[in-house]
Amino acid sequence: MDILDKKDLEARADKVVEQLHSYLDAGKKVFTTSSFQSQSLPLLHMISRVDRDIPVYYTNTGFLFAQTIRFADQLADQLGLNVIPLRPEVPKIKQLDREKRFLYASDPDHCCYLNKVQPLEPVLRDNDIWVNGVRSDQSSVRAAMQVEEPAQHGCTRFHPMLEWDSRMVYFYRKNHDLPEHPMEAQGYLSIGCEPCTMKAFGDGNSRNARWFGMNKTECGLNTTLVSGGN
Ligand code: SF4
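Cut-off values and rules
Residues numbered from 1 in each chain as written. Predicted model: local features only at pLDDT ≥ 70, side-chain atom pairs only at ≥ 80, totals over all residues. Pairing = 2+ DSSP bridges. Helix = DSSP H or I, 4+ residues; strand = E, 2+ residues; numbered from the N terminus. Axes fitted to C-alpha atoms, helices over the stretch in contact; angles between N-to-C directions. Contact = placed C-beta atoms within 7 Å. Near = placed C-beta within 6 Å. Nonpolar A, V, L, I, M, F, W, Y, C, P; charged D, E, K, R; others polar. Expected span 1.5 Å × (residues − 1). Buried ≥ 20, exposed ≤ 12 C-beta atoms within 10 Å, placed from the backbone. Arc of directions from axis to C-beta.

S.K.: Residues and numbers for the sheet that holds strand 4 (residues 129-131), please.
M.R.: One open sheet accounts for 6 strands, arranged 3-2-1-4-6-5; its pairing is mixed. The open sheet is flanked by strand 3 (82-86) and strand 5 (148-150), the only strands paired with a single partner. With strand direction ignored, the average angle separating the axes of adjacent strands in the sheet is 30°. The pairing of strand 1 (residues 30-33) with strand 2 (residues 55-59) spans 2 bridges and is parallel.

Written as structure tokens, this is what we have:
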């Protein structure tokens, strides 16, 4: 397939839209999560075509870039999305290590659990389908995922973007005149929490610039909350 072919790209998007409709028609409670990066835009656009009441959750960890929060607000307005921020249950004063540093400095897995995974657990308990925009080309963990697979707390994960790649995302955004995250032009290609995000470097995967030097590639949403995850 010519991945830049507009018709093929739209046909792929139509299939995602159809599947989302079929979940809703079957009475399933559907939600999505988003990190509100430029690469999030195609899936958010498809969701806006299906039902603008579908909740779009994100965990406002307290460490996000202000630009990301503003971009989330912008997209909520522009696409009419039902964006819902989640807050960590454990206050930051109780998220310190023995040396009184924030946990991201010494135990980023636990920091991600408290700030990203735990706030989402009640959402999984209350819903049936978690629409998640992971792509196979982003990491080896994601490459091993299936389009549909069980999540924790009785939910099912739906990964409609698994076979998309960064060029397809780029051209879909172009075709639909969708904006880009304001930090992308400054060289940030994978953007999460401020302490764990660097500008892109080298020729490799853009996610290399996350948790640099920490031997960590995932925040837990795509490992701990997959059924059978640790
Ligand atoms: S990405 Fe970094 S700051 Fe954010 S929750 Fe994970 S470890 Fe903590």
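Read on for the rest.
S.K.: Give a description of the environment of Tyr-172 that names residues and reports values.
M.R.: Residue position: Tyr-172 is located in helix 7 (residues 166-175). When the C-alpha positions of Tyr-172 and Glu-10 are compared, they lie 8.0 Å apart, and in sequence the two are 162 residues distant. In this structure Tyr-172 touches Leu-9, Ala-13 and Pro-42, once residues within four positions along its chain are discounted.

S.K.: I'd love a proper account of the site of the ligand, names of residues and values included.
M.R.: Surrounding the ligand, one finds 13 residues, the nearest of these being Pro-108, Cys-111, Cys-112, Cys-193 and Cys-196. Grouping the constituent residues of the shell around the ligand by class yields 9 nonpolar, 3 polar and 1 charged.

S.K.: Lay out helix 3 (residues 66-79) with the relevant residues and their values.
M.R.: Taking 1.5 Å as the rise per residue, helix 3 with 14 residues should run 20 Å; its terminal C-alpha atoms sit 20 Å apart, in good agreement. For helix 3, every residue scored as buried is listed here: Thr-68, Phe-71, Ala-72 and Leu-75. Viewed along the axis of helix 3, the buried residues span an arc of 105°, placing them on a single side of the element. Opposite the buried face of helix 3, by more than 90 degrees, sit the exposed residues Ala-66 and Asp-77. Immediately downstream of helix 3, the backbone of Gly-80 shows phi near 70°, a positive value.

S.K.: Residues and numbers for the environment of Phe-71, please.
M.R.: As for its position among the elements, Phe-71 is in helix 3. Placed 35 residues apart in sequence, Phe-71 and Phe-36 show a C-alpha to C-alpha distance of 6.9 Å. Apart from the residues within four sequence positions on either side, Phe-71 is in contact with Phe-36, His-181 and Pro-182.

S.K.: Residue-level account of the environment of Leu-75, with values.
M.R.: Note on placement: Leu-75 falls in helix 3. A sequence separation of 30 residues divides Leu-75 from His-45, and the C-alpha atoms of the two residues are 9.5 Å apart. The residues touching Leu-75, leaving out its near neighbours within four places in the chain, are Phe-36, Leu-44 and Leu-81.

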